[in-house]
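One-letter residues, chain by chain:
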Amino acid sequence: MKTGLSGTNWRKIFRKRRNLIRAAGDGVILWLGHSLQPRNYLNNAYPFRQNSHFLYCTGLAEPDLAMLSFPEPDDDILFARAVGIDDIVWSGPGLPPEEMARGAGIGRVEDIAKLKETIDGIRGRGRRIHYLPPYQYSSALGIARLLRTRVESVGRNASVALMEQVADQRGVKSPEEIAEIEDALSITGQMHRAAMAAARPGLRESYIAGIIQGIALSAGRHQAFDPIVTIHGEVLHNGSRDNVLEPGRLLLNDSGAESPMCYASDITRTYPVNGKFTPRQAEIYRVVLDAQLAAMDMIKPKVSYIDLHFGACRVLAEGLKSAGLMKGNSSDAVDAGAHALFMPHGIGHMLGLDVHDMEDLGSIIGNKKKNAARRGPFGLNYLNLNRPLKTGFVLTVEPGVYFIPALIERWRDEKKFPEFINYDKLGAWLSFGGIRVEDNVVVTSKGARLLGTPIPKTIEEVEAALSAG
Ligand code: GLY
Ligand code: MN
């Protein structure tokens, strides 16, 4: 069980959360925790990460747990695996199930072997079992077995009412959750500053990634996601770390730590390997920064995230026009989708227990009808959050400009938007890479509040941090 920041009564919070998520009428909600995933057998498993909805309702980060929650919260039952002598010999005794239940404010505990017959009994009395769509195959198989159904129908039969209520409730972060995210951000700030101080030509990307991960690990923290540390920032989710930091290149670091209660942070900085931005790098960097600051300025309750996205894209297109890479009316260019050559992703995403918070609920976190109408254009990935912003939403704001040779060549060959894109200039930019700048904010009644302690971001601040090593 995680203990979180001191002074917070998490037990009370979990009970309140479960009490609010009662979308099920007189039905019962099955919350299925994750199981260990074997690398080749169960005693050699991949690093374990609990299901975030389960964490939200219980705070319990251990594998092989499930919970049934009932209209009357005192009836909730935690199902846990009985600890055998082999477990004690090989892995230690772990936390007794009764103690886990106490920490989560759950009144009853049963052996997980009894979950199936308990569910059979509930359904036998004509009550429905509600569950969220699982995103790990083993969970889908588990639900299929528990509900005596085919695994193919598990996703289809997930409870839409529950998904909607969870999205509503988890979307608005409480002060305790924001404190967790800011706590994660304090480690993330250390990670980014250390990476800036260490970066210099001749090192490998993996060396910087090691520093980043070491800082989180030595603070007892996990990464919120696999860090992206690359001189090929134009590859949006670049997973390789084999390149040597060559002089003249930009290094993109997109990384974040988790808080004690597993809340994520997600920060990106991009900077020159040899400490000083070239005029060309500085020009594009300022375009990205202007778009980010403009987006932050636009954030306030009731603004739609997709409008924010297009607002930031307009600033980006205007900057790229000044740089001679785009032309024509910037607003028209964005309406047509021409800017997506340079920024083929959304302005950001929600942040919470997951880095792309609740992305497993897909369009449920937004406005389904509007999303269906607007998901067509290229470059709107992860803009599921097509709903008006609310006080308490935590968001990333992460515009970028990328020079993706394959995409540039494809669009040029297809003669896409020649009225808005200066293809003749782009030949000189094919090895530029990409720049992304990302921060995390909470929506307040007054606008966006930057979360965490500011991390060097202006050209002057970044160059000073680069020279700190
Ligand atoms: N940090 C990676 C992403 O936002 O997709
Ligand atoms: Mn992000």
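To be clear, the structure that these remarks concern was listed above.
Read on for a plain summary of the structure.

Taken in spatial order, the five strands make up an open sheet running S6-S5-S4-S1-S7, and their pairing is mixed. Since the sheet does not close on itself, it has two edges, and those belong to strand S6 (108-111) and strand S7 (129-130), each with one partner. Pairing between strand S1 (residues 28-32) and S7: two bridges, direction parallel. Note that in S7 the partner of Val28 across the bridge is Ile129. Set on the sheet, helix H4 (residues 97-104) makes contact with strand S4 (65-69), strand S5 (77-80) and S6; between it and S5 the angle comes to about 145°. Where helix H5 (residues 115-124) meets the sheet, it contacts S1, S4, S5, S6 and S7, and its direction lies at approximately 20° from that of S4.

In this section: the environment of Leu78. Relative to the elements of secondary structure, Leu78 occurs in strand S5. When its relative accessible area of 0% is taken as the criterion, Leu78 is described as buried. Separated by 10 residues in sequence, Leu78 and Leu68 place their C-alpha atoms 6.7 Å apart. Not counting chain neighbours up to four residues away, the residues in contact with Leu78 comprise Phe54, Leu60, Ala66, Pro97, Met100, Ala101, Ile106, Arg108, Val109 and Glu110.

Moving on, we come to the coordination of the manganese ion (ligand 2). Within the protein, the manganese ion (ligand 2) binds to Asp266 (OD), His349 (NE2), Glu398 (OE) and Glu438 (OE); these donor distances fall in the range 2.1 to 2.3 Å. Positions of the donor residues of the manganese ion (ligand 2) along the chain correspond to the pattern D-x82-H-x48-E-x39-E. Of this pair, Glu398 sits in the loop between strand S11 (394-397) and strand S12 (400-402) while Glu438 is found in the loop between strand S13 (434-436) and strand S14 (439-443), placing the two residues 40 residues apart along the sequence. For Glu438, a relative accessible area of 0% corresponds to the buried category.

This paragraph deals with the side chain of Glu177. Checked against the element boundaries, Glu177 lands in helix H8 (residues 175-198). There is a polar contact of 3.5 Å between the side chain of Glu177 and the side chain of Arg17. In this structure, Glu177 is in contact with Arg17, Tyr56, Val172 and Tyr263, ignoring residues within four places of it in sequence.

What follows is about the packing of aromatic side chains. Under the criterion given, the structure shown has seven aromatic pairs. Here the aromatic rings of Phe403 and Phe432 are separated by 5.1 Å at their centres, their planes lie at 65°, and the arrangement is edge-to-face. Taken together, the residues Phe403 in the loop between S12 and helix H14 (405-413) and Phe432 in the loop between helix H15 (423-426) and S13 connect sequence positions 29 residues apart. Take Phe403 and Phe432: they sit in the same class, and that class is buried. Three or more aromatic residues joined by ring pairs make a cluster, and in this case those are Phe342, Phe403, Trp429 and Phe432. Note that Arg280 overlies the ring of Trp429, its terminal NZ or CZ placed 4.2 Å from the centroid. Its end group placed over the ring of Trp411, Lys416 keeps NZ or CZ at 4.5 Å from the ring centre.

The rules behind each value
Residues numbered from 1 in each chain as written. Chains lettered and ligands numbered in written order. Predicted model: local features only at pLDDT ≥ 70, side-chain atom pairs only at ≥ 80, totals over all residues. Heavy atoms only, no water. Pairing = 2+ DSSP bridges. Helix = DSSP H or I, 4+ residues; strand = E, 2+ residues; numbered from the N terminus. Contact = heavy atoms within 4.5 Å. Axes fitted to C-alpha atoms, helices over the stretch in contact; angles between N-to-C directions. Buried < 20%, exposed > 50% of the residue type's maximum accessible area, 1.4 Å probe, protein only. Donors = N, O, S within 2.8 Å, 3.2 Å for Na, K, Ca; no water. Polar contact = N/O pair within 3.5 Å; in protein donor to acceptor, adjacent residues only side chain to side chain. Phe/Tyr/Trp six-rings, centres within 6.5 Å; stacked < 30°, edge-to-face > 60°. Lys NZ or Arg CZ within 6 Å of the ring centre and 35° of its normal.

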